[in-house]
Amino acid sequence: MLRRGSQALRRFSTGRVYFKNKLKLALIGQSLFGQEVYSHLRKEGHRVVGVFTVPDMDGKADPLALAAEKDGTPVFKFPRWRVKGKTIKEVVEAYRSVDAELNVLPFCTQFIPMDVIDSPKHGSIIYHPSILPRHRGPSAINWTLIMGDKKAGFSVFWGDAGLDTGPILLQRSCDVEPNDTVDALYNRFLFPEGIKAMVEAVQLIADGKAPRTPQPEEGATYEHTRKKENAKISWDQSAEVLHNWIRGHDKVPGAWTEINGQMVTFYGSSLLSSSVPPGEPLEIKGAKKPGLVTKNGLVLFGNDGKALMVRNLQFEDGKMIPASQYFSGGETSVVELTPEEMKVAETIKAIWAGILSNIPVIEDSTDFFKSGGRSMDVARLIEEIRQKCGGLQLQSEDVYLATKFKDFIQKIVRKLRGEDQEAELVVDYVSKEVNEMTVNMPYQCFINGQFIDADDGKTYDTINPTDGSTICKVSYASLVDVDKAVAAAKDAFENGEWGRMNARERGRLMYRLADLLEENQEELATIEALDSGAVYTLALKTHIGMSVQTFRYFAGWCDKIQGSTIPINQARPNYNLTFTKKEPLGVCAIIIPWNYPLMMLAWKSAACLAAGNTLVLKPAQVTPLTALKFAELSAKAGFPKGVVNIIPGSGGIAGQRLSEHPDIRKLGFTGSTLIGKQIMKSCAVSNLKKVSLELGGKSPLIIFNDCEIDKAVRMGMGAVFFNKGENCIAAGRLFVEESIHDEFVTRVVEEIKKMKIGDPLDRSTDHGPQNHKAHLEKLLQYCEAGVKEGATLVYGGRQVQRPGFFMEPTVFTNVDDHMYLAKEESFGPIMVISKFQNGDIDGVLKRANNTEYGLASGVFTRDINKAMYVSEKLEAGTVFINTYNKTDVAAPFGGVKQSGFGKDLGEEALNEYLKIKTVTLEY
């Protein structure tokens, strides 16, 4: 009895529809949109008492009619509701027989009489794809784009005697992206959000909470239906206006012009943000400047000198071709099908036959649209092929470009063979002849597989620290650019090829990227030297060399990420299986510092990508160039659009937006402790995103008197002066045992005097410029503070008298524990030495640990027992024994205390970019 009672309760409590007011509805309209609204309303418990739609076309019922008939809902198919302005009596009687309480018009092309609109208890509500009162009329989406509106949206309004003039029930809006088409806007927002809004509107009415807000007349517009004869392009306008005109007419009715005496319709317009690629001129009637047929499409010019590009052209006979193939007529060779490809062709033939049900036999010459296929059938065709052909992804234009069955199969086969790849990446370089080579440097934001200018056009100078000159202007990403990059990464993860790609294929792409980094290592090292001041030979070995190793290491991990099977208590007589899965998080943000621009990128992004995430990376503002070069190489390696996005700019704008963005699920940051705390707070307040932080350090290096002194001097100098001291694990404080202190200092100074300071591209240079001017000034102030507090400046402490941001390697001794130099990180070529009493191991350990930082540490001694004891007691994420700076891609790296948390490198780094799901089943 108890069991039966609980089942009854469960049936009652899970049916959310029983707790809401419900209505009897008449649905008047058509299309997939109408079908989805119908299905969702039924799921919410409303009763659809009648569906009123259009008659069958070419023997095919409308999708709304098909869904209703399947459910047993009464369906009425009237060609019209009135004749010569008078209502047809039989039609109205049929309508009134269903006794609806509310009319719902999700999409309706028929004129519905007012006695039907007003008939139900609650009247009628209508969906309209614009933010009323703007763009009243049947072509509202087209006009939103034609007029260049920055916002699009829809309205659900109460029906009245006017044309789209009734009171507003609710409205929703979205941003219009620069290259949105009617299809893109509809599919991204108007369709999915419109369905939700119609269901919400009906429930508001059922609950008696629906508003009736009169439409204002201010801002009201009415635009007529777009027709082919009115869609001719007027060329004496700006590129943006031309672009809006073309995309506003895409796909119906199609903006057109006259070329060589015939009408040619343009599709797939986008504004050209990079330089104009080379191409073959094409005279266009009325245009002041010829177009250019390029390998990517047809470039057109506005009267403002700016350019746009169209991807596809359609001729008067209906034939559509890629614009890049204009002079070849779009002709391609016929490919012979393999037995496997023949099976795919048969599957697709069956899909065509199911859609074109009025055609008895699908032949090679069967034309999809001439045989009754409509725009709504294109979406069905694409979806069925995806489901039945191994996830093959098509776009609407693939159907429009190959309307005959034979041509369509040829297109499919080329896609399957990888012969139908996207056009080559367009990169606008800044080129320099330097280091006996031509260095090509991208300088724009890299978003969704394209290099583009910042949305507001802003740029900033990136400076060569060797002489203070400007290398080039770089795009300065705005908040809009950040949002675009995140949206691209989210779409790539949720809907793109990357999210469906198997792990081994992901690894193959990463191996390919590692190969490209290695093939371009001299150019990358040269860019690193120019942009960050890194000594070229060091950049080649470490900055670039370790980046290559990192991508190869994590490429090998892609197909080895796995969960575990867990034995749990069995609830007899049933058995249970419990296992865990490791899954990617989604969109990850990565913010990297300026000391190792490419290597820090590799440390974080390789693990992120290996785990299956997509990323938006912000390089340091002062060193963006190798990150942008990396973006170019990632595209050449074959990474799908949106997987890798690079946004140069400021931390205060772009970095802050990343930490606050609700669609980002993880943020990895390397930088200062102060900024790390701000980021952690923003990540928590926004959406509690996962965080890993590699922050400041004051790494202690303890040198005992039983060490190998030559090695201690050599490696102690490397611990401080490696990469000009701009090294997160640099030994921020050396503790040298009293009995060898003076000898150690003397030998260090002798070695410093041998170091060559100079041009980082000179192969004999040991010590290059500091990264940027502000950092050099900070280091000089650091030295001044040390002298004022009484520390002994043994060597250096000054700027080198030459152009650029050079500083002398510096040595301080007699640094007491309370001094600024003993507590704060310099992040520069400044050796801070304190002595400790002979034999006082625990005393020096206490002093070494007396810091809020804990990134790295080191010890030099021949006594292995002493070394192990010290390594156990030191509070740091890494301990080096008789070595320093020895990092490896397989060894986890990260700090403790205020040096942060989380790991880069090694298997542990993968866990920073994964989530664990537990699955339990009963059998």
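Computed from a predicted structure; not experimentally measured.

Rules and cut-offs
Residues numbered from 1 in each chain as written. Predicted model: local features only at pLDDT ≥ 70, side-chain atom pairs only at ≥ 80, totals over all residues. Heavy atoms only, no water. Helix = DSSP H or I, 4+ residues; strand = E, 2+ residues; numbered from the N terminus. Buried < 20%, exposed > 50% of the residue type's maximum accessible area, 1.4 Å probe, protein only. Contact = heavy atoms within 4.5 Å. Areas by Shrake-Rupley, 256 points an atom, 1.4 Å probe, with all protein chains shown as cover. Lys, Arg positive; Asp, Glu negative; His and termini not counted. Charge placed at Lys NZ, Arg CZ, Asp CG, Glu CD. 1 Å grid on protein atoms, 1.4 Å probe; cavity = no way out; pocket = protein on both sides within 12 Å on 5 of 7 lines; lining within 4 Å. Points joined across faces, edges and corners; volume = space filled by probe spheres on them. Nonpolar A, V, L, I, M, F, W, Y, C, P; charged D, E, K, R; others polar. Pairing = 2+ DSSP bridges. Axes fitted to C-alpha atoms, helices over the stretch in contact; angles between N-to-C directions. Disulfide = S-S within 2.5 Å. Salt bridge = Lys/Arg side-chain N within 4 Å of Asp/Glu carboxyl O. Parallel < 35°, antiparallel > 145°, perpendicular 65-115°, else oblique. Left-handed = near helix turned anticlockwise from the far one by under 90°. Expected span 1.5 Å × (residues − 1). Bend = angle between axes of the 7 residues up to and from the residue. Core = buried A, V, L, I, M, F, W, Y, C linked by side-chain atoms within 4.5 Å. UniProt positions renumbered as here; feature names shortened; annotations may be inferred.

Colleague: How would you summarise the overall build of the chain if you had to cite specific residues and measurements?
Modeller: Secondary structure summary: the chain contains 28 helices and 38 strands in total. Taking the principal axes of the C-alpha coordinates as reference, the chain spans close to 110 × 85 × 65 Å. Looking at the chain as a whole, 54% of its 923 residues are labelled buried. Contacts in the chain between residues at least 24 apart in sequence constitute 69% of all its contacts with a sequence separation of at least 6. About 40,700 Å² of surface is accessible on the chain, with carbon and sulfur atoms providing 50% of the total. Taken as two groups, the 111 positive and 114 negative side-chain charges of the chain have centres that lie 5 Å from each other.

Colleague: Describe empty space enclosed by the protein, and please don't skip the residues or the numbers.
Modeller: Within this structure, the stated rule accounts for four cavities of 30 Å³ or more. The wall of the largest cavity is formed by 16 residues, among which A730, A731, G732, S826 and F827 lie closest to the centre. Only β31 (731–737) and β34 (830–836) provide two or more residues apiece to the lining of the largest cavity. Of the residues that constitute the lining of the largest cavity, the class distribution is eight nonpolar, six polar and two charged.

Colleague: Could you give me a rundown of the sheet that holds strand β35 (residues 856–860), with the residues and numbers involved?
Modeller: Pairing is mixed across the open sheet formed by seven strands, whose spatial order is β32-β33-β34-β31-β30-β35-β36. Either end of the sheet is taken by a strand with one partner, and the two such strands are β32 (792–795) and β36 (878–881). Each strand of the sheet is rotated relative to its neighbour by a mean of 25°, with strand direction disregarded. The strands touched by helix α23 (residues 738–754) are β30 (699–703), β31, β32, β33 (810–813) and β34; relative to β31, the strand with the most contacts, the crossing angle is about 130°.

Colleague: Could you give me a rundown of the state of the cysteines, with the residues and numbers involved?
Modeller: A disulfide bridge is the covalent bond that connects two cysteines by way of their sulfur atoms. The full count for this structure, using the stated rule, is zero disulfides. The closest cysteine sulfur to the non-disulfide-bonded C445 is located on C472, 13 Å from its own sulfur. A residue is classified by how much of its surface remains accessible, and C445, at 0% relative accessible area, is buried.

Colleague: Describe the pattern of salt bridges, and please don't skip the residues or the numbers.
Modeller: Within the structure shown, the criterion is met by 44 salt bridges. The salt bridge involving D180 is made with R188; its shortest N-O contact spans 2.7 Å. The exposure class assigned to D180 is buried, which follows from its relative accessible area of 5%. Take R188: its relative accessible area is 38%, and that puts it in the partly exposed class.

Colleague: Can you break down the packing of helix α16 (residues 521–532) against helix α17 (residues 536–557) residue by residue, with the values?
Modeller: Axis separation between α16 and α17 bottoms out at 9 Å; the angle between their running directions is 115°. Taken together, α16 and α17 sit at an angle that is classed as roughly perpendicular. Of the two elements, α16 crosses α17, and the hand of that crossing is right-handed. Two secondary-structure elements touch here, α16 through Q521, E522, L524, A525, T526 and E528 and α17 through Y536, A539, L540, H543 and I544. Split by residue class, the contact of α16 with α17 holds six nonpolar, three polar and two charged.

Colleague: Tell me about helix α21 (residues 673–687), residues and numbers included.
Modeller: Look at α21: 21 Å from first C-alpha to last across 15 residues, which is about the 21 Å you get at 1.5 Å a residue. Against the buried residues of α21 lie β25 (587–591), α20 (651–660), β28 (666–670) and β29 (690–694).

Colleague: Can you explain helix α7 (residues 182–206)? Please cite residues and give values.
Modeller: Taken as a whole, α7 carries its principal kink of about 35° at L190; the proline P192 stands between one and four residues after it. G208 lies just past α7 and shows a positive phi near 70°.

Colleague: Report on the sheet that holds strand β2 (residues 47–53), specifying residues and quantitative values.
Modeller: Taken in spatial order, the seven strands of this open sheet run β3-β2-β1-β6-β7-β8-β9, and their pairing is mixed. In the strand order of this sheet, the two ends are held by β3 (75–77) and β9 (168–175), each with one partner. Recorded for the sheet is a direction-independent mean angle of 15° between the axes of neighbouring strands. As judged from the seven bridges shared by strand β8 (residues 151–158) and β9, these two strands associate in the antiparallel manner. By the bridge assignment, S155 is partnered in β9 with Q171. Those strands touched by helix α2 (residues 31–43) are β1 (24–28), β2, β6 (102–105) and β7 (124–128), and its axis lies near 170° from that of β1. Together, β1, β2 and β3 form the strand contacts of helix α3 (residues 63–71), whose direction differs from that of β3 by roughly 150°.

Colleague: Tell me about the packing of helix α13 (residues 479–494) against α20, and name the residues and values.
Modeller: Packed helices, taken two at a time, are described by the angle between their axes plus the distance between the axes. α20 packs onto α13 with a crossing angle of 40° between their chain directions and a minimal axis gap of 9 Å. The orientation of α13 with respect to α20, classified from their angle, is oblique. Every pair of crossing elements has a handedness; the one defined by α13 and α20 is right-handed. Each of L479, V482, D483 and V486 in α13 lies in contact with α20, whose residues at this interface are I653, A654, R657 and L658. Residue composition of the contact of α13 with α20, by class: six nonpolar, no polar and two charged.

Colleague: Run through the nonpolar core, naming residues and quoting values.
Modeller: If you look at the biggest cluster of nonpolar residues, it comprises 107 residues, and the most contacted ones within it are M510, F551, F639, I703, L734, F744 and M831. The biggest single contributor to this core is helix α18 (residues 597–610), with eleven residues. Leave out the neighbours within four places in its chain, and M510 touches F551, F554, A555, C558, A606, L609, A610 and F639.

Colleague: Kindly report on the UniProt feature "binding site: (6R)-10-formyltetrahydrofolate" (unreviewed entry) in the chain, identifying the contributing residues and their values.
Modeller: In the UniProt entry, the feature "binding site: (6R)-10-formyltetrahydrofolate" (unreviewed entry) is given for Q110, F111, I112 and D164. A stretch of 55 residues holds the annotated residues, and the largest C-alpha distance among them is 13.7 Å, short enough that they meet in one place. In this structure, F111 sits in the loop between β6 and α5 (114–117). Residue placement: I112 occurs in the loop between β6 and α5. Not counting the four nearest positions on each side in its chain, I112 is found in contact with I28, W81, L105 and I117.

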